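Per-entry structural report
Take a look at the letters that make up each chain.
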Amino acid sequence: MRARARLARRAGLGVESNGTVREFAELIAAGGVDIAQPDATFVGGPRAFSRVAALAAEAGIACVPHVWGSGVTFAANLHTVLAEPTVELFEYCTLPNPLRDALQVEPVDFVDSTIGAPTAPGLGVRLTEDIEREFAFRPGGGHVIR
């Protein structure tokens, strides 16, 4: 971690989707990041995300989630960020992603560079039989945004 922190300091890097709260804590303590970018679905859930956000706030650095992937990833991170007072920005992929869009119960309320809070109950995703058929698992397909 120390070597990674030194490299990050020299290059002015953020850390996207690091694996654990402990890894973020070590990098933040070593001064190895200017922006912590946890993903609630990678770092251990909303509580772990909040711990990273608190570590970042205590160190005086920004915490901006790195959200790339499915509608579930998007919804979990959006709900987490809306409950986190120290997080002011939300980075997410705006490339076309039909599966992400199909899973969302309501479209993203994105107006004037601001995302509105969802109003539907629950997490805000729904997996239907139609979606399962349209986006069926294909061995070897990997993570592809089309």
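Residues numbered from 1 in each chain as written. Predicted model: local features only at pLDDT ≥ 70, side-chain atom pairs only at ≥ 80, totals over all residues. Heavy atoms only, no water.

**Brief notes about empty space enclosed by the protein**
So the rule is basically this: Cavities and pockets are found on a 1 Å grid laid over the protein atoms alone: a cavity is a set of points where a 1.4 Å probe fits but cannot escape, a pocket is an open set with protein on both sides within 12 Å along at least five of seven lines, and a lining residue has an atom within 4 Å of such a point. Grid points are joined across faces, edges and corners, and a volume is the space filled by probe spheres set on the points. Helix and strand assignments come from DSSP, with helices taken as H or I runs of at least 4 residues and strands as E runs of at least 2, each series counted from the N terminus. Three classes are used: nonpolar for Ala, Val, Leu, Ile, Met, Phe, Trp, Tyr, Cys and Pro, charged for Asp, Glu, Lys and Arg, and polar for all others, with Gly counted as polar.
Taken as a whole and judged by the stated rule, the model has two cavities of 30 Å³ or more. The element best represented in the lining of the largest cavity is helix α5 (residues 71–82), accounting for four residues. Split by residue class, the lining of the largest cavity holds eight nonpolar, four polar and two charged. Volume-wise, the second largest cavity comes out at about 30 Å³. Lining the second largest cavity are Val67, Trp68, Gly69, Ser70, Phe74, Tyr92, Cys93 and Arg100. Of the residues that constitute the lining of the second largest cavity, the class distribution is five nonpolar, two polar and one charged.

**Observations concerning the layout of surface pockets**
When its volume is computed, the second largest pocket comes out at roughly 280 Å³. Glu88, Leu89, Phe90, Thr114 and Ile115 are the residues nearest the centre of the second largest pocket, which is lined by 14 residues in total. Tallied by class, residues from the lining of the second largest pocket come to nine nonpolar, three polar and two charged.

**Focus: the pattern of salt bridges**
Heads up, the rule is: Salt bridge, as applied in this entry: a Lys or Arg side-chain nitrogen positioned within 4 Å of an Asp or Glu carboxyl oxygen.
The full count for this structure, using the stated rule, is three salt bridges. Here Glu26 ties to Arg22 by a salt bridge, and the two come within 3.1 Å at their closest N and O atoms. Taken together, the positions of Glu26 and Arg22, both in helix α2 (residues 21–29) and four residues apart, correspond to about one turn of that helix. Arg100 serves as the salt-bridge partner of Asp101, at 3.3 Å between the closest nitrogen and oxygen.

**Some remarks on the confidence of the model for the protein**
Note the cut-off: As a per-residue measure, pLDDT tells how confident the predictor is, with possible values from 0 to 100.
Summing up the model confidence of the protein, the mean pLDDT is 86 and the portion of residues at 70 or higher is 84%. Taking the mean pLDDT of every element in the protein, the minimum, 54, falls on strand β1 (residues 15–16) and the maximum, 97, on helix α4 (residues 46–59).

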